[in-house]
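What follows is each chain in one-letter form.
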Amino acid sequence: MITTEQRPGQAASAPEDGQRALRGQVAWLPLPGGLVAGAQVTVDPIAASGSLLRWAIPLLLMVLVLLLMHAYGYWRLHREAGERHRAERRLQEVCATLPAVVYQAHRGRDGVLSFPYITGDMYSLFGLSAEVAMADESRLFATVHPDDQAHLRRSVEVSATHLTVIDVEFRACGPQGWRWVRSRGQPMAADDDSVKWSGYWIDVTASHEQATALAAARRDAEAAAAAKANFLATMSHEIRTPMSGMLGMLEVLEDTGLDEEQCALLATVHDAASLLRQILDDVLDYSRIDAGALPLEAMPITLPGIIGNVQRLLSPMAANKGLWLRSRIDPRVAAGHCGDGVRLRQILFNLLSNALKFTAHGGVRIELDVRADEGDRQRLCLAVIDTGIGVSADQQAVLFSPFTQAEASIGRRYGGSGLGLSICRGLAGLMDGDLRMHSSPGQGTRMELELTLPIAIAPGAVSARDADAAQPVFAPGLQVLVAEDDPIHQALMAWRLRQLGLGHTMAAQGEEALRLMQGRAFDLVITDCQMPVMDGYALASAIRRTERASGAVPVPIVGLTASVQAQTQQRCQQAGMDRMLTKPITLEALREHLAALLTTTGDMAAAVDPVPCVQALGRQLGSVATAREVLTLMQTTTQADLSGLIRATAGGDAQAVNACLHRMAGGLGVVGARRLGKQARGLMRALEEAPLVDSRAGLDRFSAGVERYLAGLRGVEFS
């Protein structure tokens, strides 16, 4: 409470020092109602203190809050700085123990690259400290191998332009010499068009050394495999060449008049030579399987026919030992399948001959069962069961290893190289099948081959009783040119061609054969692949070039070689040869191959090409869908050309007949109808040499054969 009192000429009373001071402090305050000059102000100390506290306390609280906030902020900042410092220290400690460096790079708008942050073992990688590298990036770049600098610059440019991750390896010079360094950085674009990378450098020298050592080991292994393959191929050629001559001359000798004792001696020599050839074939087959260089050929086959063929071949062996030999075929087995008939026959022949070899009493049974029908495929089990000596479990574990037999005495008692089962299992694996053995001593053995084969239209089969009658007889007047430098093989081939009723002309080397072809026409060329001056490959290539230049009809070319390397087959195909035959070759094998390329008297009357296997054709054309499309189109066009051929023949239009034959030969050849294609080409040659009227009978037979072939195709659903 404030009051005023006027006492003129009277001094103020003597209050306490504190009250007097208080009055002096508030005398200037305006008072309600106004004051006169010289008025005295009296202030109540209690009231004044309450008024001061009312506005001082909030002010003090505000100051206190500000101080607390400042202290809290300082505490958090200090804590975060400490954590960051500890994290950086841990990162440095980790990087110091690893051959790695963490970095942050910056590339400005002007393209200048800098490193604001680097931590880690820089010295081990680059021979520089992190401080030096951050201060001058050019010194860091100077440690990079000169051959790698351009590649590193391009990687940085590409990453900056497209914001892609840098992932590059380069060599850098450190205290230990050149080291391989991997750099990986994640780019980040900034608002000012600059780019930053966060990444790492790491020493990958050990990985490069391991990769280099692995590559060197692979090269050494491949070189060793190639050397082994070349050695075996060379040995094969050197052994097969004289063996071919020996077996051929035995064949010639067998055809002469011999008495009973001479025939027995000749049979012994022939058996020994055949065994030697079989051992050589086993070694070569094992080598090719081991190298993954044994190709399989998919074609239409009849499994009952293969079983019957092998059974007939080994029946004399069973009869000589007094053993029975039987077979049982599941009636659900399809009439035809698609597979490699030669290799399946090889497996069955090996298993069956082993069973007969190790069976003294009882016999051997062949069983073929269907394990499952899988739409257009069948899972099959081919079993050979014998009542022989059996094999223990311990012996079974090693029997499938190469050059291994159950006991050391078996090789002496029964012979053999110990490669048969190893080859059979390898062939089964190539067919995606499995070969298993179930046996116990004294209880016999059961060998099971399980595999899955596509179902196909069965090829035409020839019964055993009609085999001799079905042997092809070549049309008269056919001429064969033989290019062979070895005198023994010249004489042997001349004898075989005479036996087949084929005329022939002999040339000692390729250039002579090429000159002979320029002066006359030949129906077929047989050439040895290895000859001096001009070998068989060069001869075949020269013949094909001449034919293309003149537009002549290609003459069939057969190559003869003692090599069994896959590259030899490829070289023959590239040179333009139609077939490659491996020495030694028998008269019957030569007859079979030449019959597929030359016109025979029975060709135009009865021979019908088998319906193609869609799966096998699909492998040649790229896909099964393409094969079906080609087969459907071939049926349509060939039917139209057949109608045109019949009309042109009836009208005597030789030019139209030749055009139809040309188109049909091409279409039939695409789908594998070789006999009909061969007949078409033969008729085209006949039209060039004689008037149409002389070929009418042949054209009629050809038309009938094409009609039968198309009728067989109509019964098959390709879509």
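Position numbers for residues count from 1 along each chain, tracking the sequence in the order it is written. Two thresholds apply to this predicted model, a pLDDT of at least 70 for residue-level local features and 80 or more for giving and counting side-chain atom pairs, whereas whole-chain, interface and lining totals are computed over all residues. No hydrogens and no water enter the side-chain calculation; it runs on all heavy atoms of the structure.

Quick notes on the pattern of salt bridges
Step number 1: Salt bridge, as used here, is a side-chain nitrogen of Lys or Arg placed within 4 Å of a carboxyl oxygen of Asp or Glu. In total, this model carries 25 salt bridges according to the counting rule given.
Step number 2: Notably, a salt bridge pairs Asp 578 with Arg 544, separated by 2.9 Å at the nearest N-O pair. With Asp 578 in the loop between helix 17 (566-575) and strand 19 (579-582) and Arg 544 in helix 16 (residues 536-550), this pair connects stretches of sequence that are 34 residues apart.
Step number 3: In this scheme, a residue with accessible area under 20% of its type's maximum is buried, one over 50% is exposed, and one in between is partly exposed, where area comes from a 1.4 Å probe on protein chains only. By relative accessible area, which is 11% here, Arg 544 ends up buried. Working definition: helices are DSSP H or I runs of at least four residues, strands are E runs of at least two. Numbering for both runs from the N terminus.

A look at the confidence of the model for the protein chain
Detailed reading of the predicted coordinates is not advisable wherever pLDDT falls low.
Step number 1: When pLDDT is averaged along the protein chain, the result is 79, and 79% of the positions lie at 70 or above.
Step number 2: Of the regions scoring below 50 in pLDDT, residues 460-470 engages in three contacts with residues more than four places distant in sequence or in other chains. On a range of 0 to 100, pLDDT expresses the predictor's confidence in each residue. Residue contacts follow a heavy-atom distance rule, with two residues in contact if any of their heavy atoms lie within 4.5 Å.

Digging into unusual backbone geometry
Step number 1: Even without being a glycine, Leu 163 presents a positive backbone phi close to 55 degrees.
Step number 2: Locating Leu 163 in the fold gives a position in the loop between helix 6 (146-162) and strand 5 (166-174).
Step number 3: Relative accessible area serves as the criterion here: at 42%, Leu 163 is assigned to the partly exposed category.

Things to note about the environment of Arg 182
Step number 1: Positionally, Arg 182 belongs in strand 6 (residues 177-189).
Step number 2: Relative accessible area serves as the criterion here: at 27%, Arg 182 is assigned to the partly exposed category.
Step number 3: Considering only alpha carbons, one finds Arg 182 and Asp 167, 15 residues apart in sequence, at a separation of 7.2 Å.
Step number 4: Every residue in contact with Arg 182, bar those within four places of it in the chain, is listed here: Asp 167, Val 168, Glu 169, Tyr 200, Trp 201, Ile 202 and Val 204.
Step number 5: Separated by 2.8 Å, the side chains of Arg 182 and Asp 167 make a polar contact. Distance and chemistry together define a polar contact, namely a pair of N or O atoms within 3.5 Å, with one atom able to donate a hydrogen and the other to accept it when in protein, and with adjacent residues in sequence counting only for side-chain atoms on both sides.

With respect to the sheet that holds strand 15 (residues 479-483)
Step number 1: Two strands pair if DSSP finds at least two bridges between them. The five strands lie next to each other as 16-15-17-18-19, forming an open sheet whose pairing is parallel. The sheet terminates laterally at strand 16 (503-507) and strand 19, the two strands that pair on one side only. Pairwise comparison of adjacent strand axes, ignoring direction, gives a mean angle of 20 degrees for this sheet.
Step number 2: As paired elements, strand 18 (residues 557-561) and strand 19 share four bridges and run parallel to each other. Bridging from a neighbouring strand, Val 558 pairs with Arg 579 of strand 19.
Step number 3: In the packing of helix 14 (residues 487-499) onto the sheet, contacts are made with strand 15, strand 16, strand 17 (524-528) and strand 18, and the angle to strand 16 comes to roughly 170 degrees.
Step number 4: Contacts between helix 16 and the sheet are confined to strand 15, strand 17 and strand 18, with strand 17 contributing the most and set at about 150 degrees to the helix. Whenever a helix is involved, its axis is fitted only over the stretch in contact; in every case the axis is a line through C-alpha atoms, and angles between N-to-C directions fall within 0 to 180 degrees.

A few points about a nonpolar patch on the surface
Step number 1: Nonpolar side chains collect at one region of the surface, where Trp 55, Leu 59, Val 63 and Leu 67 lie side by side and expose about 420 Å² of accessible area between them.
Step number 2: A relative accessible area of 45% means that Leu 59 is categorised as partly exposed. Candidate patch residues must exceed 30% relative accessible area and have no salt bridge, after which like charges are joined if within 9 Å and Val, Leu, Ile, Met, Phe, Trp or Tyr side chains if within 5 Å. To be clear on the numbers: accessible area is Shrake-Rupley with a 1.4 Å probe, and residue cover counts the displayed protein chains and nothing else.

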